[in-house]
Amino acid sequence: MGLNGKYSIGILLTFILLAAVMLYVFPVIRMVTGIKSITANSFFLSRLGIWSVLFIVFLYSYFIEKGSFLLKDEKKYSLGFYIKAIICLYLICAIGGAFINVLLQLLLQEKISNKLLQLTSIFKNNYFLIILTCLTAGIVEEFLMRGYIQPRIEKIYNSPLWGVVVSALLFGILHSTYGTIGQVVIPFFIGAVFAMFYKKYSNIKILIICHFMFDLVSLMIMNFMDFKHLSVF
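Just so it is clear, the structure is predicted and the values come from calculations on it, not from any experiment. (Residues numbered from 1 in each chain as written. Predicted model: local features only at pLDDT ≥ 70, side-chain atom pairs only at ≥ 80, totals over all residues. Heavy atoms only, no water.)

Caption draft 1: Examining helix H5 (residues 127-157) more closely. The end-to-end C-alpha distance of H5 is 43 Å, a good match for the 45 Å that 31 residues give at a rise of 1.5 Å each. Along H5, the helix axis deviates most sharply at Glu142, where the bend reaches about 35 degrees. For H5, a buried count of 22 out of 31 residues is recorded, marking the element as mostly surrounded by other parts of the structure. Positive phi appears at Asn158, one or two residues downstream of H5, with a value of about 50 degrees. (Helix = DSSP H or I, 4+ residues; strand = E, 2+ residues; numbered from the N terminus. Expected span 1.5 Å × (residues − 1). Bend = angle between axes of the 7 residues up to and from the residue. Buried < 20%, exposed > 50% of the residue type's maximum accessible area, 1.4 Å probe, protein only.)

Caption draft 2: Structural view of the packing of helix H6 (residues 160-174) against helix H7 (residues 182-201). Their axes nearest at 7 Å, the elements H6 and H7 cross at an angle of 145 degrees. Viewed along their axes, H6 and H7 form a crossing whose handedness is right-handed. Here H6 contributes Pro160, Val164, Val165, Ser167, Ala168, Leu169, Phe171, Gly172 and Ile173 to the contact with H7, which in turn contributes Gln183, Val184, Pro187, Phe188, Gly191, Ala192, Ala195, Met196 and Lys199. By residue class, the composition of the contact of H6 with H7 is 13 nonpolar, four polar and one charged. (Axes fitted to C-alpha atoms, helices over the stretch in contact; angles between N-to-C directions. Left-handed = near helix turned anticlockwise from the far one by under 90°. Contact = heavy atoms within 4.5 Å. Nonpolar A, V, L, I, M, F, W, Y, C, P; charged D, E, K, R; others polar.)

Caption draft 3: Region of the structure containing the nonpolar core. Counting residues in each nonpolar core, the largest one holds 56 residues, and the members touching the most others are Leu89, Leu119, Leu144 and Phe194. Contributions of two or more residues to this core are made by helix H1 (3-33), helix H2 (40-65), helix H3 (79-108), helix H4 (114-123), H5, H6, H7 and helix H8 (204-225). Among the elements that take part in this core, H5 stands out by supplying nine residues, more than any other. When near neighbours in sequence (up to four residues on either side) are disregarded, Leu119 contacts Ile38, Phe43 and Tyr178. (Core = buried A, V, L, I, M, F, W, Y, C linked by side-chain atoms within 4.5 Å.)

Caption draft 4: Inspection of the pattern of salt bridges at higher detail. One pass over the full model with this rule turns up five salt bridges. Of the charged contacts, one joins Glu65 and Arg152 as a salt bridge, the two residues approaching to 2.9 Å between their closest N and O atoms. Of the two residues, Glu65 is situated in helix H2 and Arg152 in helix H5; the sequence distance between them amounts to 87 residues. The class for Glu65 is buried, based on a relative accessible area of 7%. One salt bridge in this structure joins Glu74 and Lys205, with 3.3 Å as the shortest N-O distance. On the criterion of sequence distance, the pair formed by Glu74 in the loop between H2 and H3 and Lys205 in helix H8 is long-range, its members being 131 residues apart. Taken together, the shared-partner salt bridges connect Lys72, Glu154 and Lys199 into one network. (Salt bridge = Lys/Arg side-chain N within 4 Å of Asp/Glu carboxyl O.)

Caption draft 5: Fine view of H2. Between its first and last C-alpha atoms H2 spans 37 Å; for 26 residues at 1.5 Å apiece the expected length is 38 Å, and the two agree. Along H2, the residues classified as buried are Ser42, Phe43, Ser46, Arg47, Gly49, Ile50, Val53, Leu54, Val57, Tyr60, Ser61 and Glu65. One or two positions beyond H2, positive phi appears at Lys66, with a value near 55 degrees.

Rendered as structure tokens:
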């Protein structure tokens, strides 16, 4: 099997494992532990499941692909660039996401995701779980979607555009487990923004920090203000 074939299998493996965790982790936890509803403990265990996907894909890249997990060499920038890039990315995602959310509310009058409503009570004053959730999303999702999938799609099709579009599309689809169109469209938009940044600047650390910040601000506002219309990706 050629390298592109191994890349294709790796991408499929990554998507299937992430989708399986998103869809079935809580039923499995319920079956093993007897915890019937989503609690802080079961949600903590679900994050460990997501980390395990990163570990499996890392092993696949090392033993099967026999190459670097990150195909792109990580470029170094000044502290000033880091600060400007993180602020700009955050504002683009926050403003763009808010605009899309308002537009979808006007067009579809979509109800709030029941899953997000459940998580509101779980995160209330549980700062350890908030930080863990944001770290998991920032590190695992960026390494897998931008660091792993995007450059391999680009290699397979010899097209940077396909790398951006497909990685963003998969990112959006994986968030469909929240049960609303908004929780697919907004992550797709943010995934496309992040993918374009990664294509141009080849720095996964900036994306991890920005992703972490975006989710942290959203969850902290949700925690303090009981505001349930925020998008977490």
